[in-house]
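Remarks on the overall topology
Single-letter residue listing:
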Amino acid sequence: GVTSSAQTVNLAGNWTYNGVGAAVKSDNILTSVAGNAAISTVENKLDNVFSKVGVKPGAATFAFNNDGTFAMNAGKLSLPGTYTQNGNSVSLKFGKALTYLTMDGTVSSTTDGCKLLFNGEKFLTFTQKVVNYAKKITTSASVTSVANILATAKSVDAGFKLSK
């Protein structure tokens, strides 16, 4: 989706997960071109990993409450936590299930909702913790291949595409 940071997105409310989102953050045009070529691969591979643990586009939700709490729900998988938002900056802190993992990132508007994007390495850590928590994947080959992609695409941010 097209992103724009000009409009601040208020996260409070219920959102539907539409898949993994990724973006290149670089002033170096060569890095940006190489990164953009890898973006759809990163999104597809992470979508595949998440779908194996029940986090599927249209079937997973995020509920951001006005009291600073949130929950990510996908079938039997429920990942609660707290969040703070200051303009386009956002911080998610997951609860005990993900060993209190904190992810700091940005929220930007898209044509059909928003993207929550975090540092690619931090998002990969989140992905691995979700997989371990769900205990539904017997091999981590998909996660490893995503790690290799993120390692080669410097300055890649990854996260969630959401719509209301």
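Below is a short write-up of the structure. Computed from a predicted model, the values in this text were never measured in an experiment.

So, on to the sheet that holds strand S4 (residues 77-86). The 8 strands are arranged S1-S2-S3-S4-S5-S6-S7-S8 in a closed barrel whose pairing can be described as antiparallel. Each neighbouring strand pair of the sheet contributes to a mean axis angle of 35°, computed without reference to strand direction. One ladder, built from 6 bridges, connects strand S6 (residues 102-110) with strand S7 (residues 113-119); its direction is antiparallel. Residue pairing for S7: valine 107 is matched across the bridge by leucine 116.

On to the nonpolar core, then. Core analysis: the largest hydrophobic core is formed by 43 residues, its most contacted members being Phe64, Leu92, Phe123, Phe126 and Phe160. Excluding anything up to four places from it in sequence, phenylalanine 126 contacts Phe50, Met72, Phe94, Leu98, Leu101, Met103 and Phe160.

Right, let's talk about the environment of asparagine 44 for a bit. Summarising the element assignment, asparagine 44 is placed in helix H1 (residues 29-52). For the pair asparagine 44 and glycine 21, spaced 23 residues apart in sequence, the C-alpha to C-alpha distance is 9.4 Å.

Calculation notes
Residues numbered from 1 in each chain as written. Predicted model: local features only at pLDDT ≥ 70, side-chain atom pairs only at ≥ 80, totals over all residues. Heavy atoms only, no water. Pairing = 2+ DSSP bridges. Helix = DSSP H or I, 4+ residues; strand = E, 2+ residues; numbered from the N terminus. Axes fitted to C-alpha atoms, helices over the stretch in contact; angles between N-to-C directions. Core = buried A, V, L, I, M, F, W, Y, C linked by side-chain atoms within 4.5 Å. Buried < 20%, exposed > 50% of the residue type's maximum accessible area, 1.4 Å probe, protein only. Contact = heavy atoms within 4.5 Å.

Distances and angles like these do not, on their own, reveal function.
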